[in-house]
Amino acid sequence: MCGIYGVLSKSRLADEDYRRFDDLGSQLRHRGPDESSTLRAPRWLLGMHRLAIIDLENGGQPFWDGTNSVAVLGNGEIYNAASLRRELSETGYRFKSSSDIEVVAHLYAAKGIGGLSELEGMFALCIVDIAEREAVLVRDRLGEKPLLYGHEGDRFWFSSELRPLIRSGIFRAHINDDAVEEFLLTGFVREQVQWIDGISKLEPGSYLRVDFDSLETSQAFYWLMAPGRQPPGGTPDWPTLLDSAVASTLVSDVPLALALSSGLDSSVIAALASRRRKDLQALTVGYSDSEQSDESHGARSIAEWLGIGWHRVTVCSENVGRSFQETCEMRDEPIADMAGPAYEAIAIRAK
C-alpha cells in the first residue's frame, strides 16, 4: 500500500497551495512509511509515499521513460510487469530498476493510452505526459486501489484517500443525501456516487485525463467487465488460470503472508501459494468469546499440512468496541461489513 496525491492549477501555485499539499501528504504518510518523493512545477505538485515491496533499493518513484517525457507515480502492484518488461526490452527500452512501476513509464511512452489495457494488477496511477501537457489518473480494472479527485476553484486535487482532502481544508464536508440513502438501503455506496459533494472516485477500469492549462477533464474506460464473456480458444482451463493468478501476486522482495480462514477460497489460495513460496506465513483470526465462529483450529491444521508458518490473531468483542471508531476511520467511508475488525487485527499483526 502506497499513497499518491497532488494538485494542478491554472495559475502559479500560492503559499496556501503548498501548505495544503504538505498537510494532505502528511495525512497519507501512513500508507507508505519507507520513502517519500515529490514532482514540482510552477503550476503543479505531485507526491507519493512508498511502501517498499519490489526492488527495495532502486524502486523509489517517480519513474521516467528514457526521454524524460513521461513520469509515473503509483500505488499498488503490476502483476504482469515481468512479461511487459521483456517485451519492452526487446524493442529497445532500457530499465534502471526492477520496479513494476518503471514498466508503466516505458509502456506509456511506447503505446500511450492504448497501453493501459495491457496492465494487470491492483493499482492507482498518476502519469505525467509532458509532451501532451496533461496528467492521466488511472485505476485498476476492479477498483482494488482507491483514487479520489475533485475541482476546488481553479485547482484540481487528487488523493488515495477521502479524509485527507477534507481535513487539510481543501474540500468542505458536504454530505451527499443520495449517498446516505443508498448506504442505508444497501450497506455501501456505488463507485459512481459521491459521498462528499465535489469529490469523485475514479471508476474501476477507467482513466481521467487532466489538461495542464485548462484543467478540463475527460474520462474513459480502458477495460470493462463483460458478464459471461469467455476467453478466446474455447472453454478456459480454470485450474491453470487460478494457479497463474495466485503466482502473479507472490512477487515480492519482502516476506509474504496471507489470510487463512480454513474456508475453501483461502485454503485453495494457500495451497497454490505454498508451492511457490516456502517462506509463506498464514494469519488467522480467532475469537476469544465465540467458539462457534472460531475457525482457527481448522486453519492451523491446513497450515501445518501445507508446511507453512501459522499465526493466530485473537479478536474479542471488548476490543472491537474499543477500536470501533478507529476502524471506521481506517475504512475512509461507511461500509456495513462486519469483517472490518478482523482485517484490522490481521493488518496490525502483519506489521
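Shown above is the structure to which this text applies.
Now for a description of the structure that goes with this document. Just so we're clear, the structure is a prediction, and the values are computed from it rather than from any experiment. (Residues numbered from 1 in each chain as written. Predicted model: local features only at pLDDT ≥ 70, side-chain atom pairs only at ≥ 80, totals over all residues. Heavy atoms only, no water.)

**A word on the packing of helix H2 (residues 81–90) against helix H3 (residues 100–111)**
Here is step 1: As a packed pair, H2 and H3 sit with axes 10 Å apart at the nearest point and diverge in direction by 45 degrees. As the angle between them shows, H2 and H3 are arranged oblique. Once H2 is placed against H3, the crossing between them reads as left-handed. Residues Ala81, Leu84, Arg85 and Leu88 of H2 form the contact with H3, whose own contacting residues are Asp100, Val103, His106, Leu107 and Ala110.
Here is step 2: Along the lines of polarity and charge, the residues of the contact of H2 with H3 split into 6 nonpolar, 1 polar and 2 charged. (Axes fitted to C-alpha atoms, helices over the stretch in contact; angles between N-to-C directions. Helix = DSSP H or I, 4+ residues; strand = E, 2+ residues; numbered from the N terminus. Parallel < 35°, antiparallel > 145°, perpendicular 65-115°, else oblique. Left-handed = near helix turned anticlockwise from the far one by under 90°. Contact = heavy atoms within 4.5 Å. Nonpolar A, V, L, I, M, F, W, Y, C, P; charged D, E, K, R; others polar.)

**Describing the state of the cysteines**
Here is step 1: Applying the stated rule across the entire model yields 0 disulfides.
Here is step 2: No disulfide involves Cys126; its nearest neighbouring cysteine sulfur is the one of Cys2, lying 14 Å away.
Here is step 3: In this model Cys328 remains outside any disulfide bridge; the closest cysteine sulfur is found in Cys316, 17 Å from its own. (Disulfide = S-S within 2.5 Å.)

**Quick look at a nonpolar patch on the surface**
Here is step 1: Taken together, the side chains of Ile175, Val180 and Leu184 present a nonpolar region at the surface, about 290 Å² in accessible area.
Here is step 2: Mapped onto the elements, Ile175 comes out in the loop between helix H4 (163–167) and helix H5 (177–186). (Patch = residues over 30% accessible without salt bridge, like charges linked within 9 Å, V, L, I, M, F, W, Y side chains within 5 Å. Areas by Shrake-Rupley, 256 points an atom, 1.4 Å probe, with all protein chains shown as cover. Salt bridge = Lys/Arg side-chain N within 4 Å of Asp/Glu carboxyl O.)

**Concerning the layout of surface pockets**
Here is step 1: Roughly 360 Å³ of volume is contained in the second largest pocket.
Here is step 2: Lining the second largest pocket are 19 residues, with Cys328, Glu329, Glu333, Pro334 and Ile335 sitting closest to its centre.
Here is step 3: Where the lining of the second largest pocket is concerned, the elements lending two or more residues are H4 and helix H10 (324–331).
Here is step 4: Considering every element that reaches the lining of the second largest pocket, the biggest residue donor is H10, with 5 residues. (1 Å grid on protein atoms, 1.4 Å probe; cavity = no way out; pocket = protein on both sides within 12 Å on 5 of 7 lines; lining within 4 Å. Points joined across faces, edges and corners; volume = space filled by probe spheres on them.)

**Re the sheet that holds strand E15 (residues 309–315)**
Strand pairing in a sheet is mediated by backbone hydrogen bonds. Such pairs are either parallel or antiparallel.
Here is step 1: Read from one edge of the open sheet, 3 strands run E13-E14-E15, paired in parallel fashion. Edge positions in the sheet fall to strand E13 (257–259) and E15, since each has one partner strand and no second. Taken pair by pair, the neighbouring strands of this sheet meet at an average axis angle of 30 degrees, ignoring direction.
Here is step 2: Relative to strand E14 (residues 281–287), E13 runs parallel, the two sharing 3 bridges. Residue Ala259 lies in a different strand from E14, and its bridge partner there is Leu283.
Here is step 3: Its contacts with the sheet place helix H8 (residues 296–306) against E14 and E15, and it is angled at close to 170 degrees to E15. (Pairing = 2+ DSSP bridges.)

**With respect to the environment of Ile54**
Here is step 1: Within the secondary structure, Ile54 sits in the loop between strand E3 (44–50) and strand E4 (63–64).
Here is step 2: The class of Ile54 is buried, set by a relative accessible area of 13%.
Here is step 3: Once residues within four sequence positions are removed from consideration, Ile54 is found in contact with Gly59, Glu77, Ser98, Ser99, Asp100, Val251, Ser252 and Asp253. (Buried < 20%, exposed > 50% of the residue type's maximum accessible area, 1.4 Å probe, protein only.)

**Digging into the environment of Arg85**
Here is step 1: By the element assignment, Arg85 lies in helix H2.
Here is step 2: According to the relative accessible area criterion, Arg85 is buried, its value standing at 17%.
Here is step 3: Here the alpha-carbon distance between Arg85 and His106, two residues 21 residues apart in the chain, equals 8.8 Å.
Here is step 4: Among all residues touching Arg85, those that are not within four sequence positions of it are Phe95, Ser97, Ser98, Ser99, Asp100 and Val103.
Here is step 5: Engagement of the side chain of Arg85 in a polar contact is seen with the backbone oxygen of Ser99, the distance being 2.9 Å. (Polar contact = N/O pair within 3.5 Å; in protein donor to acceptor, adjacent residues only side chain to side chain.)

**Regarding the sheet that holds E3**
Here is step 1: Taking strand neighbours across the sheet as the criterion, the 6 strands line up as E2-E3-E1-E9-E8-E10 in an open arrangement whose pairing is antiparallel. Looking along the sheet, the strands with just one partner apiece sit at the ends: strand E2 (35–41) and strand E10 (200–201).
Here is step 2: For strand E1 (residues 3–9) and strand E9 (residues 155–159), the ladder comprises 5 bridges, and the chain directions are antiparallel. Each residue of the ladder has a partner; that of Gly6, found in E9, is Phe158.

**So, the side chain of Ser159**
Here is step 1: Looking at the element boundaries, Ser159 is found in strand E9.
Here is step 2: Polar contacts involving the side chain of Ser159 include one to the main-chain carbonyl oxygen of Glu161, which spans 2.8 Å.
Here is step 3: Among all residues touching Ser159, those that are not within four sequence positions of it are Ile4, Tyr5, Leu24, Leu28, Leu147, Leu148 and Leu165.

**Quick word on empty space enclosed by the protein**
Here is step 1: With the rule as written, the count across this model stands at 1 cavity of 30 Å³ or more.
Here is step 2: Leu148, Leu162, Val193, Gln194, Trp195, Ile196, Ile199, Ser200, Lys201 and Glu333 are the residues that line the largest cavity.
Here is step 3: Taken together, the residues of the lining of the largest cavity sort by class into 6 nonpolar, 2 polar and 2 charged.

**Brief notes about the pairing of E9**
Looking along a regular strand, one sees side chains alternate from face to face of the sheet.
Here is step 1: Within E9, 5 of the 5 residues are buried, which leaves the element mostly enclosed by the surrounding structure.
Here is step 2: Alternating residues of E9 divide into Arg155, Trp157 and Ser159 and Phe156 and Phe158, and every residue in both groups is buried.
Here is step 3: As paired strands, strand E8 (residues 148–152) and E9 are joined by 5 bridges and run antiparallel to one another. Bridge pairing in E9 links Gly150 to Trp157.
Here is step 4: Linking E8 back to E9 in an antiparallel pair, the connection comprises 2 residues, with Gly153 at a positive phi of about 65 degrees.

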